[in-house]
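Chain by chain, the residues:
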Amino acid sequence: MEKKINLPRYWKFFTLGFMMLSWIVLVYFMDKPEWILIPVFIVYLIVNSLIFHSYFLGMVGSYWYTIRHFEKAYKYFEKAVKAGTHHVKALYLYALRLLQDGKGEEALRYFNLAEKYNCSVLMEKYITLSKSSCCWIMGDIDKAIDILQGLIKKFSYISADVYTTLGYLYLLKGDSEKAEEYTKKAIDDNSGHSPAWDNMGQIYYNRGDRDKAKEYFEKAVSIKDLPDSLYFLGRISEEDGENKKALEYYSKASECIISALNTVTKEEIESRIKNLEQQ
């Protein structure tokens, strides 16, 4: 990663220096009580929030996101982005929401901004993975693969998320051998990574090995209810003539959160449910 100015780090050092200087001047030299530092620091933060308004909005959004008040967090992220924030996490999470909604081109613009201001290696990996997903959503699978291959060459450690995504991209390309190769790397890194087991299920389903596919899909949903795995378990049950069981899987899948990054859509699942209910 290219050398960048880590503004948040400098702000932290500056703030610490300001507090130390305030203590020296007010308490040590002027003999003021230590509680005087509290209103001084409050005023300091208010002034900072006014001067660095867009960044402050991103910080507030991050706070709400941390305590899982997601909708409130995204309201602040949106305000921060519109105000031209340099807050990397705010830009990243705002772009991620756009990506999940299928707005790949718009999301990519904000991921690029987050990348421009980012100084964290871990965040660089997250941003790069997300940029790859943007290319996938936009229909450029080859570029999406190239981005992740570049990430693998750059870093000695790559997470299961990256290997799983790369495996799925190769599956979309019709290269099931490479799809399985990278998916196995994801499982070797993290055997509890449910999307990797879902990948394996889809690989074997596409090969026509429904028994093996079912085994992998069941492994995936034993870890976490994934709409894709539940959908394909429904498909397999339906193909086996077990319509009641298929309907149960489809119904469970329809209750999951489904984004543009899923293999199936809510409409596909609801269509399957409707067809079975009419039989």
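(A) Expanded view of the pattern of salt bridges. This model, assessed by the stated rule, comprises 15 salt bridges. Among the ionic pairs, Arg 207 bridges to Glu 177, the shortest N-O distance being 3.6 Å. With Arg 207 in the loop between helix H11 (194-206) and helix H12 (210-223) and Glu 177 in helix H10 (residues 176-189), this residue pair connects regions lying 30 residues apart in the sequence. We classify Glu 177 as exposed; its relative accessible area is 55%. For Arg 210, the salt bridge is made with Glu 239, and the minimal N-O distance between the two is 3.6 Å. You can see Arg 210 sitting in helix H12 and its partner Glu 239 sitting in helix H13 (residues 227-239), a full 29 residues away along the chain. Here Arg 210 falls in the partly exposed class, since its relative accessible area comes to 30%.

(B) Seen up close, unusual backbone geometry. At Asp 31, a position not held by glycine, the phi torsion is positive, near 60°. When you line up the elements, Asp 31 lands in the loop between helix H1 (7-29) and helix H2 (37-51). Relative accessible area serves as the criterion here: at 67%, Asp 31 is assigned to the exposed category. Phi angles above zero are rare outside glycine, and Arg 68 is one such case at about 70°. Relative to the helices and strands, Arg 68 is located in the loop between helix H3 (53-66) and helix H4 (70-82). Overall, Arg 68 belongs to the exposed group, its relative accessible area being 62%.

What counts and how
- Residues numbered from 1 in each chain as written.
- Predicted model: local features only at pLDDT ≥ 70, side-chain atom pairs only at ≥ 80, totals over all residues.
- Heavy atoms only, no water.
- Salt bridge = Lys/Arg side-chain N within 4 Å of Asp/Glu carboxyl O.
- Helix = DSSP H or I, 4+ residues; strand = E, 2+ residues; numbered from the N terminus.
- Buried < 20%, exposed > 50% of the residue type's maximum accessible area, 1.4 Å probe, protein only.

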